[in-house]
Every structure is written in structure tokens, then in C-alpha cells.
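# An overview of the molecular structure
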Amino acid sequence: MGDAVPSSEPLLRLSKITKVYTRGDLAVPALRGLDLQIDSGEFVAVMGPSGSGKSTLMNLIGCLDRPTSGSYFLQGRDVAQLDRDALAQVRLRTLGFVFQGFNLLSRTTALENVELPLLYAGMRSMERAERARESLARVGLAERAGHTPNQLSGGQQQRVAIARALVTKPMMLLADEPTGNLDSRTSLEVMALLQELNAEGLTVLLVTHEPDIAAFAGRLLLVKDGRLRADERRPPHSAKQALAEWRDTEEEDR
Amino acid sequence: MMFLMALRLALRSLLRNRMRSALTALGVIIGVAALLVTVVLGEGTRKMVAAQIATMGSAIIMIVPGASAQGGFMGGTGSGRPLQRDDVEAILQARAVRYVVPVDRTVAQVVSSNLNWQTPVLGTTTDYAALRDWPVARGRFFTAAENESAAKVCVLGHTVTQNLFGDSDPVGQQVRVKQMPCEIIGVLAPKGQSAMGSDQDDILILPSVTLRTRVLNQNRQYVSTIMVAATSEDDLAQAESEVVSILRQRHKLTDDQENDFTVRNLAELVQTQQKIVETQTGMLRNVAAVSLLVGGIGIMNIMLVSVTERTREIGIRLAIGARERDILLQFLVEAVVLSVLGGLLGTGLGALAATLFSKLGGGMPVDFSPFWMVLGFGVSVAIGVLFGFYPARKAARLDPIDALRYE
Ligand SMILES: Nc1ncnc2c1ncn2[C@@H]1O[C@H](COP(=O)(O)OP(=O)(O)OP(=O)(O)O)[C@@H](O)[C@H]1O
Ligand SMILES: [Mg+2]
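Now for a description of the structure that goes with this document.

What counts and how
Sequence positions are assigned chain by chain, starting from 1 and proceeding in written order. Here chains are named by letter from A upward and ligands by number from 1 upward, in the order in which they appear as written. Side-chain atom pairs in this predicted model are given and counted only at pLDDT of 80 or more, local residue features only at pLDDT of at least 70, and totals for whole chains, interfaces and linings cover all residues. Just so you know, side-chain values use all the structure's heavy atoms and leave hydrogens and water out. Numbering of helices and strands runs from the N terminus, with a helix taken as a DSSP run of H or I at least four residues long and a strand as a DSSP run of E at least two residues long. Throughout, the radius of gyration refers to the C-alpha atoms, and the reference size of a globule is 2.2 Å times the residue count to the power 0.38. Using a 1.4 Å probe on the protein chains alone, a residue whose accessible area is under 20% of its type maximum counts as buried, one over 50% counts as exposed, and one in between counts as partly exposed. Accessible areas in this description were obtained via Shrake-Rupley with a 1.4 Å probe; residue shielding takes into account the shown protein chains only. Charge counting follows a simple rule: Lys and Arg are positive, Asp and Glu are negative, and His as well as the terminal groups are ignored. Taken as the charge location is NZ of Lys, CZ of Arg, CG of Asp or CD of Glu. Whether two residues are in contact is decided by their heavy atoms, any of which lying within 4.5 Å being enough. We define buried area as the total accessible area lost by two parts upon association, computed with a 1.4 Å probe and summed across both. Just to be clear on terms, a salt bridge is a Lys or Arg side-chain nitrogen sitting within 4 Å of an Asp or Glu carboxyl oxygen. Side-chain atoms alone can form a polar contact between residues adjacent in sequence; in general such a contact is a pair of N or O atoms within 3.5 Å, and within protein one must be able to donate a hydrogen while the other accepts it. The nearness test applies per residue and asks whether one of its heavy atoms lies within 4 Å of the molecule or strand. Patch construction takes residues with relative accessible area above 30% that form no salt bridge. Like charges are linked within 9 Å, and nonpolar side chains (Val, Leu, Ile, Met, Phe, Trp, Tyr) are linked within 5 Å.

In terms of regular secondary structure, chain A is built from 8 helices and 10 strands. Taking 254 residues into account, the globule formula puts the C-alpha radius of gyration at 18 Å, and chain A, at 18 Å, falls close to it. Expressed along its principal axes, the backbone C-alpha trace of chain A runs to roughly 55 × 50 × 45 Å. Residues classed as buried in chain A amount to 53% of the 254 residues present. Here chain A has roughly 11,400 Å² of accessible surface; of this, 47% comes from carbon and sulfur atoms. Side-chain charges of chain A comprise 31 positive and 33 negative groups, with the mean position of each set lying 6 Å from the other.

This is how it looks when you write it as C-alpha cells:
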């Protein structure tokens, strides 16, 4: 997916990142000097207690917000202090988002939801529909193109959201607790999909509270009190295999 | 292309809340309708008045005795020195004056062989037809000699002719005006309504001396009105000031005395009439302005509600890469579409109302040039942009993270 970054330069590089929220007179430090590099093609899981700053980190990496201080290079380009519209362009061209609550437009078909980023990219309607269909087919929902979110299951909705994130062929997929609203079986399906996409070259960064889910990532980051406490690489479990095992136990139950 | 997309989105969102959209558009509907009625009727009146000035002669001055009664009842018609026959001759000397005629009026029963008709009777001199630019359709107007000799001749207006003689030619026949028999020597061409709405063709014209001595049985040298035609419309003011100075001199008024006569020009009279109509439509114009304002505020209000309701949607759009201007366009177009739908309905309603008004109110001409339609459209677009901008900008400036978290 997308262009490869020269091997010398990581896909993204954060150094001494801080983020301080101010509520009235109160300053709430959410990130306190965090350094991180992620290479193209990695599958990274972020864990940590509630309130430790995981979502804040995701928002900064996702160019939804700007750090209070520190530098952020994305594909070698300094994006820490870009203006709103420039950040919107980065989100549009380079990043894809998947949220815990799916965040699909209601009363709008799956196909139209997936077309949305292409619309803002200024693509013509014929090409838009074609690309959106491809993307829906990629997540296995080709026949559900005309369904609206309330006609789809949670897992299907999340797959539509993934199709929407993929449709612009981004460098990196950011997912903040993508399985938080799904049952274990559906979570496995979503993780299997993410692993497949990662195998095709997509960089994936996800936040999760569940060690079982984090185990499907090849790299685990632990965030505590706005700092990176651990960063370890290990061989990931296969979600496909886990799914197969699940099916076997289901059949034994019958 | 973005614009077409925004248009589709706007229509979809408005149709989703049909009732709300309709109620919101109501202000604009009423405003545009009222505006259209104002403009169409105002223009109709202007045209009607212009046509009447054309039939009456725009360069005509009327002089009546007595100081003008402006600001209280000082003087009043009839006080001071009356106008005299000699005044007519004197005014004729003025450089910017082409014709001067005395005009006396009465109303009399006119009797033909077997019919009779109550009609205004006017006594004047030979130049009257020329002064009024009123052609004689059949026969001729009376001569100066006939006036001096108080000849028993008369000229009929079109309506009187129709009522007494139908379509047959009355020239050469006899009628009685009160007790006086007289010969019809001419019939005037039809002239239509006056600025005040009376039928100008309902008239019988006698030589001035004939009316005075044979019908009114008076020997006085007074004249109730003098009509003056300036040499051209441009000379009107010049003629007026000449007339005033001649009369002041003849009436021996000193500099500190006011005029003991009143000079009015017909164009002014018609303009007064027009002002009255404009005052009436002016009220409607205020209704239009207020409704448009209220309609605009309604749109702003509902758009603000809509932005709040759709905060999460806006957050999603921003997160996946919409720029500020994309969101701005989406909400601005929605406001404009709402306003324009109201504007189109208002234009239709206004056209209907203007037609009704004109049918009920004496048939002033109503012409629906495409310009009025464009006006209705333009005004509603302006209202939409003006009042839609603030909510749209509010939407566009939302912080994506806050918007996504909004419940
Ligand atoms: N908009 C904000 N204004 C003020 N404080 C904030 C804001 N967003 C987050 N915080 C604070 O920053 C800290 C980190 O929040 P963050 O949402 O990043 O935590 P998290 O690790 O994602 O937690 P969770 O696992 O519960 O989602 C918390 O103390 C939180 O209260
Ligand atoms: Mg979080």
C-alpha cells in the first residue's frame, strides 16, 4: 500500500513530544516527553491504563491535534505545527482512521460512506464508486454496498469503516480500540483482516485494552502517565489461526 | 463538482426534516411574496401614472383663485381677488407660454330628441383642444368668433355621444343643455380615465361666453380656473414663474404679501397621487423587510441547531480529511437551498397576490417580467448566504477531536 519510505528514514518519528490540556486554570499533562519511531510495514499495539495518554498519542500521530512541544516527522516531513487545512490534507492522503464507535454516517449507505474521503480528494463520481466498491470487496462486504449502518452488524460496520480508511490507499491505519465494541469472535475477524492488510504492506497502529488483541501485533508499546514505559518486539499470534480454532471449538459444542 | 455534491447533501438533509424546513422557510416565503407584490404594484402604478401624464399633457399648469391652503385653513379658495378674464389675455404674453384658456365648470342635464344624460359641462375657448392635445374625431371645435358671439354650439366627449346617440353621427344634430338648445358641431376622440380615475370622455364643451351668459346666466368677468400650456415640458418651471409674476403684478401684490392665487401643475398633482399609492405599498415593503429579517434569523437559528445535532457527523468528515471550506460549503449551501426554496414559493405566492390585488384594486397593469423572478431568487440567495454564513463557519471551525467525542 502506498509508496515505500527510504529504509534509512522511519515512517514516523516522534521526539520529546508533550501534550498539555488546559481546562481553565488547570493544566493537565497528557503526554510528558515521548520518543517513538515506527517503520513502514510494522503492526504496533499500544496498551496502558485508562487515562495514560493512549488516545492523545493516537490523535497526535493521526494529525487530528498538534503537540504542545516536540517534533513529529511523518515520511520525513515535519507535521507538528502544520495549519488545520494542511493537517486535513495529511489525514486525507496519508492516514486512515478506525474508531471504537465505528463513526459511520447514519442513513447513508456503506458505499457512500466509503466514497466520502474520495469526495474530499476531488475524485470524479464514476471513479469514486469504482474505488469504493473495490475497497468494500477487499473487506468482504461487496454485496452490502447499498446497506445503511443500522442494517449492518457491529463487525460489518467496523469492516465498512476499515474499507473507508483504506479507500485512499493510505500509508498507515490508526485504530483506537477498534474491537472495543465487538464480541470476541467478531474481534478476531477484524484482527484477521488487519493482519492481512499488514501483510500486504500497510502499517497498522492500534490501541487496545485486551492483551489477547495486542498479541496479534508484532510490537507492543506500553504507555503510562504520558511516557513510553516499554517497547518490545515479539512474534505475533495469527488471528486467522485463532479464528479457525474458535470455529473448531464451536463445532465441538454442537 | 463539490458544489453539486453539497447541493445533494443539502436537499437530503432538508428533506429529512420536512416540517422543520417548511416552517423555517415560511419567513422567506412571506418576505419574498410581499416584496414582489410591492415591486410589481409599485411599477404598475408608475406605468399607469406615466400613461396618464401622457394623456393629460405634462406641460400643463392650472391656476385657481385663493392662496394655497397648505398648513391650515388660511385663505381658502374664493378669498382674495378672483381670477379675471383679462388675466387670461395677460398670461398669454408670457414667453414660455403657448396656450391659455379659461375653464368654468358646471353639471347639467343634456337632452337629445329622446334621451337625456347628466354630464359635466365645461366652458372654455378655442385653444382648449390644442392645449389638452385632444383631437376632434368628427366635425370641428368652435372658433374664437363663435365664443365672442356666444354661439349656441357644443362639442361632445365620447361617452356622452355614446349615451345620447349610440353609434350614429351626432354632428349637426341638436341637444338641449339645461334650457338652451345648441347644435353639435364636433365630437372629441376618446381619452380615457384621468389620474384621479374619472372618465374624461364624459363631458360637453361650450364656448366660455355661451356657458356664462346662456347657461349660468351670469355676467361677471370671473374665471374659476385658468389652464396654461408651457411651450415645452422643459419650460414648465419658467412658465410657472412667469405666470406668478404676471398675476402678482396684475393683482398689485407687494413683496411681503402672499399669492392670492394658487398655481399647480398637473404633473405634480399626478405625483401626489402616486405618492399615496407608494405610501400604501411602502407599508407592504416594511412587511417584506421584517419578514425577510425574521426569515433570515429563523434560518440562522435552525442551521445552528442543525450544526449542533450533526456535530459528530462534522467530526467524522473532518477526521477523514474534509477541509474547513468543504464543511463551510456544505452548510452554507444548505442554508441557501432552504432560503431559495422559500424564495421560489414566495415568488409564486407574490405573483398570485399581485394579480389578485390588481384585479380588486382598479386594474393597474401587472407585468411579470423575468426580472421580478430574478429579484425573488437573488434576494433569497442573499438571505441564505447572509444568515447561513455564521452557522456554517461555526461548523467549519469545530475541533475534530471534540466533534468526534460529542454525544
Ligand atoms: N480534551 C481534553 N481536555 C482536558 N484533558 C484531557 C482531554 N483529553 C484528554 N485529557 C486528559 O488527558 C489524559 C489522557 O487522556 P487519554 O484520552 O489520552 O487517555 P487514554 O489512555 O486514551 O485512556 P482510555 O484508555 O480510558 O481511553 C487524561 O488524564 C485525560 O483526562
Ligand atoms: Mg482512549
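Taken together, the contact between chain B and chain A spans 29 residues of the former and 26 residues of the latter. Across the chain B/chain A interface, buried area totals approximately 2,400 Å², and carbon plus sulfur atoms make up 55% of it. Our count for the chain B to chain A interface comes out at 4 salt bridges. With a shortest N-O distance of 2.6 Å, Arg12 of chain B and Glu112 of chain A are connected by a salt bridge. Inspection of the region where chain B meets chain A yields 11 residue pairs in polar contact (both at pLDDT 80 or more). Those elements that place two or more of their residues in the side of chain B that touches chain A are α1 (2-16), α10 (311-319), α11 (324-360) and α13 (400-405) of chain B.

Here the focus is the site of ligand 1. Within the structure, ligand 1 sits among 14 residues, and Ser50, Gly51, Lys54, Ser55 and Thr56 of chain A are positioned closest to it. Looking at what sits near ligand 1, you find residues from chains A and B. One of the side-chain N or O atoms of Ser55 of chain A is found 2.7 Å from an oxygen atom in ligand 1. Relative to its unbound accessible area of 640 Å², ligand 1 is 74% covered by the protein chains.

Attention now goes to a positive patch on the surface. All names here are of chain A. Taken together, the side chains of Arg32, Lys224, Arg227 and Arg229 present a region of like positive charge at the surface. Position of Arg229 relative to the elements: it lies in strand β10 (residues 227-233). Residue classification places Arg229 among the partly exposed positions, given a relative accessible area of 48%.

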